[in-house]
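Geometric and topological summary
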Amino acid sequence: MGTSSSHILIVGGGTYGINTALELRARGHAVTLLDPGPIPHPDAASTDISKVIRMDYGKDELYLQMMVEALALWRAWNDELGKEVFHETGVLYLTLDGMQPGDFEYESYQLLHKHGHPVERLDSAEIGKRYPAWNAELYPDGYYNPQGGWAASGRVVALLAKRAEQAGVTILGGVAFAELLEAGGRVTGLRAADGQEYHGDQVVFCAGSWTPVLLPHLADVMWPTAQAVFHFLAEDLPLYQPPQFPVWTADVGKTGWYGFPAQGDGTLKLANHGVGWQQDPRLPRQVPAEAEPRFRAFLAESLPGLAGARKTFERLCFYCDTFDGDFWIDKDPERPGLLVSAGGSGHAFKFTPLLGHITADVLEGTANPYAARFAWRKRGALAAEEARAVERK
Ligand SMILES: Cc1cc2nc3c(=O)[nH]c(=O)nc-3n(C[C@H](O)[C@H](O)[C@H](O)COP(=O)(O)OP(=O)(O)OC[C@H]3O[C@@H](n4cnc5c(N)ncnc54)[C@H](O)[C@@H]3O)c2cc1C
């Protein structure tokens, strides 16, 4: 598609959709975005009180380079958006055993060190002294990266959606995609669930975990995975706030555990980057009964001061998992007029400042340093996605 302006239909108003809309509008295209919303949609993965923003990606140079670029944009957004949406607390990486070659933490530390990033190796004594909420005896090794922290994801999507409307993006809330319209061998638009038809030069599909259920021809390469998220009330607030309690991961490559500092009202979010549960994101959501005891067992062992903390919220949130854990941003080779931008695989929010650019470049056929990794691909060997605990449910 040349650079002349055209009319783009975007399905889905999460971080992929809103940022793609903003970028395409800035490049002069007419853009209509539809979502069953409101936006941010309460069930969207992007809608949450916090998401981890980290540059630590094991041996993966590409994601590290992307995060070096994205971090600078996150810092700039705090000024631009006039609100602190990115909280740079740094990120603490704890390990249950000494860091070993091949481990997510070891490889991340080595790569960051090689690139001159100021990471600090820690032993139990240092962990206990600097981060007293932790049962440091359990964690003999780890490191602290002062770069990174958390972003108020739902707030970011809300602010960017407002910006998109101000820029002239037509946002249709309450409108749900039902099926593609095709004519003359190409996708020419879509029909909504209420039967209304929308026509455009291109359809960009950014429906997150709903993508493989709305476009079943993708079901072999991506699928929705439910993950449990809990909020607990931290009473002794200073103990659970930076600098002595930054964003953290607890041997995340093996256990999946990660979490956030307590917010001003004491809300402390805890989650697990594990295998989760495969289910349809359109169905009613119920956190499985097995989840809370598992979360509490972790707290009792690692953060004993929170073992009896009051639970204030629980939720199922969905990943759009690709078979190799990499994002999926490319034109459908068999359906001209359709571009799929999804596949966040539980780790895309931190790249929010880049997702619109990558998608717009792919749509326009403009060279992009990252796009090749996210191109349309066949399911091959399961590439080890960074830091995903696979053995524990
Ligand atoms: C539990 C959990 C924790 C996570 N933690 C982190 C983290 O710490 N750091 C990080 O970087 N990433 C994290 N992620 C990943 C990140 O949240 C996602 O990769 C990202 O938000 C996906 O954005 P999206 O726009 O693709 O999808 P979503 O935000 O889910 O948006 C999809 C949109 O599609 C809309 N939609 C659904 N059906 C239709 C339809 N029929 N028609 C039109 N629109 C429709 C929905 O309403 C929704 O607004 C986490 C994800 C989860 C689930």
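Residues numbered from 1 in each chain as written. Predicted model: local features only at pLDDT ≥ 70, side-chain atom pairs only at ≥ 80, totals over all residues. Heavy atoms only, no water.

What about the pairing of strand E1 (residues 7-11)?
Most of E1 is tucked away: four of the five residues are buried. Pairing analysis gives five bridges linking E1 to strand E2 (residues 30-35), with the strands arranged parallel. For Ile8, the partnering residue across the bridge sits in E2 and is Val31. Viewed along the sheet, the connection from E1 through helix H1 (residues 15-26) into E2 turns out right-handed. Note: E1 against strand E13 (residues 202-205), four bridges, orientation parallel. Bridging from a neighbouring strand, Ile10 pairs with Val204 of E13. (Buried < 20%, exposed > 50% of the residue type's maximum accessible area, 1.4 Å probe, protein only. Helix = DSSP H or I, 4+ residues; strand = E, 2+ residues; numbered from the N terminus. Pairing = 2+ DSSP bridges. Right-handed = clockwise from strand over helix to strand, strands pointing away.)

Concerning helix H5 (residues 153-166)
With 14 residues, H5 extends 20 Å between its outermost C-alpha atoms, agreeing within 8% with the 20 Å of an ideal straight helix rising 1.5 Å per residue. Within H5, the full set of buried residues consists of Ser153, Gly154, Val156, Val157, Leu159, Leu160, Ala161 and Ala164. Once H5 finishes, Gly168 follows within two positions and takes phi at roughly 100 degrees, a positive value. (Expected span 1.5 Å × (residues − 1).)

Quick look at the packing of aromatic side chains
Scanning the entire structure with this criterion turns up 26 aromatic pairs. Ring centres 4.8 Å apart and planes at 75 degrees place the aromatic pair Trp134 and Trp248 in the edge-to-face group. In this pair, Trp134 is assigned in the loop between helix H4 (124-130) and strand E7 (141-145) and Trp248 in strand E15 (residues 247-250), connecting sequence segments 114 residues apart. Trp248 matches Trp134 in its accessibility class, with the two residues each being buried. (Phe/Tyr/Trp six-rings, centres within 6.5 Å; stacked < 30°, edge-to-face > 60°.)

As for the packing of helix H2 (residues 61-80) against H5
Between H2 and H5, the least distance of the axes is 13 Å, while the angle of their chain directions is 65 degrees. Of the possible angle classes, the one that applies to H2 and H5 is roughly perpendicular. As H2 packs across H5, the resulting crossing turns out to be left-handed. Each of Trp74, Trp77 and Glu80 in H2 lies in contact with H5, whose residues at this interface are Val156, Leu160 and Arg163. Taken together, the residues of the contact of H2 with H5 sort by class into four nonpolar, no polar and two charged. (Axes fitted to C-alpha atoms, helices over the stretch in contact; angles between N-to-C directions. Parallel < 35°, antiparallel > 145°, perpendicular 65-115°, else oblique. Left-handed = near helix turned anticlockwise from the far one by under 90°. Contact = heavy atoms within 4.5 Å. Nonpolar A, V, L, I, M, F, W, Y, C, P; charged D, E, K, R; others polar.)

Examining the site of the ligand
Looking at the ligand, there are 34 residues lining it, with Asp35, Ser46, Val52, Phe177 and Cys317 nearest. One of the backbone N or O atoms of Tyr16 is found 3.1 Å from an oxygen atom in the ligand. A total of 1,000 Å² of accessible area belongs to the ligand in isolation, and the protein chains cover 96% of it. In terms of residue count, strand E19 (residues 311-322) provides more of the shell around the ligand than any other element does, three residues in total. Taken together, the residues that form the shell around the ligand break down as 20 nonpolar, eleven polar and three charged. Taken together, domain 1 (7-46 + 154-222 + 323-374) and domain 2 (53-151 + 223-322) each give at least three residues to the shell around the ligand, which thus spans both. (Near = heavy atom within 4 Å. Polar contact = N/O pair within 3.5 Å; in protein donor to acceptor, adjacent residues only side chain to side chain. Areas by Shrake-Rupley, 256 points an atom, 1.4 Å probe, with all protein chains shown as cover. Domains from an automatic or database assignment.)

A look at the domain arrangement of the chain
Many structure descriptions define interface size as the accessible area lost when the parts assemble. The domain boundaries assigned to the chain delineate domain 1 (7-46 + 154-222 + 323-374) and domain 2 (53-151 + 223-322). Computed from C-alpha atoms alone, the centre-to-centre distance between domain 1 and domain 2 is 28 Å. At the junction of the two partners, domain 1 supplies 42 residues and domain 2 supplies 34 residues. Both faces combined, the contact of domain 1 with domain 2 buries some 3,300 Å², and carbon together with sulfur accounts for 66% of it. Where domain 1 packs against domain 2, one counts two salt bridges. The tally of links from domain 1 across to domain 2 stands at 16 residue pairs in polar contact (both at pLDDT 80 or more). Elements with a minimum of two residues in the side of domain 1 that touches domain 2: H5, helix H6 (211-214) and helix H9 (352-364). In terms of residues, the side of domain 1 that touches domain 2 owes the most to one element, H5, which gives five residues. Split by residue class, the side of domain 1 that touches domain 2 holds 24 nonpolar, ten polar and eight charged. (Buried area = accessible area lost by both parts, 1.4 Å probe. Salt bridge = Lys/Arg side-chain N within 4 Å of Asp/Glu carboxyl O.)

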